[in-house]
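# Analysis of the macromolecular model
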Amino acid sequence: MICTLGDLLLDVIVRAPQLFATGADTTVETRVTSGGQAANVAAWVAELGESARFVGKQAGDEAGALAQSLLEQRGVELAGPRAEGKTGVVVSFVAPDGERSMATDRGIAQELRAEELDPAWLAGCRWLHLSGYGLLAEPIAGAALEAARLAREQGAQVSVDLSSWSAIREHGPKRFRARLEELGPDVVFANEPEWELVGGAYGLSEAAVVKRGSRGVTVFGANGAEEHASAGGEVVDTTGAGDALAAGFIVGGIRLGLEAAARCIGQLGAVPA
């Protein structure tokens, strides 16, 4: 079992074959799916053949019911407190070259508290994967640290994806790095801007996977730095490629991670088509 903790959102993906026409209609391709980094990683873990459990605070509104149903249909077990409130929504705008910009409302997800955690939600997990967004806001940051403690008591390893260079910059890189040092993850996933903002993850973890887009990844570990080329393929939408990579790496190593990322960028949306 691989557990993830963070947010479950509703993803609305909009792909435009050309630039939007100001003040006029533009024909686009759309997809509505479950979203949120932790939920996406869980979806890819299940797709790759391992049991997956998502842990997070979930709202009982219509958007939440849809997001929960879509994730469960992918074979992911859902755990976490249910509460009144608003499910977050992410609207991803995908450009003709596959690059995306996101407008994000995280809703109730950030309100998960450490005292709400049930140790049973982490039972049987060999990995706990945390979304970096969950370390950038309170009270969920406290819940993430407590979940890591509970998971480690049961022999699990902990990984974290740094998630967003813009959010780290706004939060404060030194402050964020201090939170990472407190967490002490076994594996860190980061793109190049995130890696640079926190000053590299040396001393923070046993291993780090630095994502370099079409140039592949660099894996830092006991054997030093190892370069791995991307698996290639047509780029339709880069949304979620890092989530697929993290899931594949945790399930079966870097090769599986790169293969999952290549699958992800060849489709529209961050979860398996």
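Above this text is the structure in question.
Residues numbered from 1 in each chain as written. Predicted model: local features only at pLDDT ≥ 70, side-chain atom pairs only at ≥ 80, totals over all residues. Heavy atoms only, no water.

## Some remarks on the sheet that holds strand β3 (residues 29–35)
The following threshold applies: Pairing between strands is defined by DSSP: at least two bridges between the two strands are required. In DSSP terms, a helix is any run of H or I states spanning at least four residues, a strand is any run of E spanning at least two, and both are numbered starting from the N terminus. Axis lines are fitted to C-alpha atoms, over the contacting stretch for helices. Their N-to-C directions set the angle, which ranges from 0 to 180 degrees. Only heavy atoms enter the contact rule, under which two residues are in contact if any of them lie within 4.5 Å.
Taken in spatial order, the 4 strands of this open sheet run β3-β2-β8-β9, and their pairing is mixed. Edge positions in the sheet fall to β3 and β9 (100–107), since each has one partner strand and no second. Each strand of the sheet is rotated relative to its neighbour by a mean of 15°, with strand direction disregarded. Here strand β8 (residues 87–94) runs beside β9; their pairing, made up of 7 bridges, is antiparallel. When the sheet's bridge partners are listed, V90 is paired in β9 with T104. Helix α2 (residues 62–72) rests against β2 (9–15), β3 and β8 of the sheet, and its axis sits at about 85° to β3.

## Some words on helix α7 (residues 241–252)
Quick reminder of the rule: Helices are assigned an expected span. That span is 1.5 Å times one less than the residue count. Under the scheme applied here, a residue whose accessible area is under 20% of the maximum for its type counts as buried, over 50% as exposed, and between as partly exposed, the area being computed with a 1.4 Å probe on protein chains only.
Relative to the 16 Å expected for 12 residues at 1.5 Å per residue, α7 spans 16 Å between its end C-alpha atoms, a close match to the ideal helical length. The element α7 is largely enclosed, with a buried count of 11 among its 12 residues. Where α7 is concerned, the buried positions are A241, G242, D243, A244, L245, A246, A247, G248, F249, I250 and V251. Downstream of α7 by one or two residues, G253 has phi in the positive range, about 105°.

## Some remarks on the packing of aromatic side chains
The line we're drawing: Here a Phe, Tyr or Trp ring, Trp counted by its six-membered ring, pairs with any other such ring whose centre lies within 6.5 Å, and the pair is stacked when the planes are under 30 degrees apart, edge-to-face when over 60, and tilted otherwise.
A complete count under the given rule lists 2 aromatic pairs for this structure. Between F189 and F249, the ring centres sit 5.5 Å apart and the planes meet at 85°, which makes this aromatic pair edge-to-face. Here the residue F189 occupies a position in strand β12 (residues 187–191), and F249 occupies one in helix α7, the gap between them amounting to 60 residues. When the centroid spacing of 5.2 Å and the interplanar angle of 10° are considered together, the rings of W195 and F220 count as stacked. One end of the pair, W195, is in helix α6 (residues 192–197); the other, F220, is in strand β14 (residues 217–221), with 25 residues separating them in the sequence. Given a relative accessible area of 12%, W195 falls into the buried group.

## Observations concerning the pattern of salt bridges
Stated formally: By definition here, a salt bridge exists when the distance from a side-chain nitrogen of Lys or Arg to a carboxyl oxygen of Asp or Glu is within 4 Å.
Counted by the stated rule, this structure contains 16 salt bridges. Between R15 and E29 there is a salt bridge; the shortest N-O distance is 3.7 Å. Residue R15 is located in strand β2, and its partner E29 is located in strand β3; the two are separated by 14 residues in the primary sequence. Using a relative accessible area of 41% as the deciding quantity, one classes E29 as partly exposed. The closest approach of N and O atoms between R179 and E182, which form a salt bridge, is 3.8 Å.

## A closer look at the state of the cysteines
Applicable threshold: The term disulfide is used for any two cysteine sulfur atoms that are within 2.5 Å.
Enumeration over the complete set of coordinates arrives at 1 disulfide. A sulfur-sulfur distance of 1.7 Å marks the disulfide that ties C3 to C125. Remark: C125 occurs in the loop between β9 and β10 (127–131) and C3 occurs in strand β1 (residues 2–5); sequence separation between them is 122 residues. As far as the burial class goes, C3 and C125 line up, both buried.

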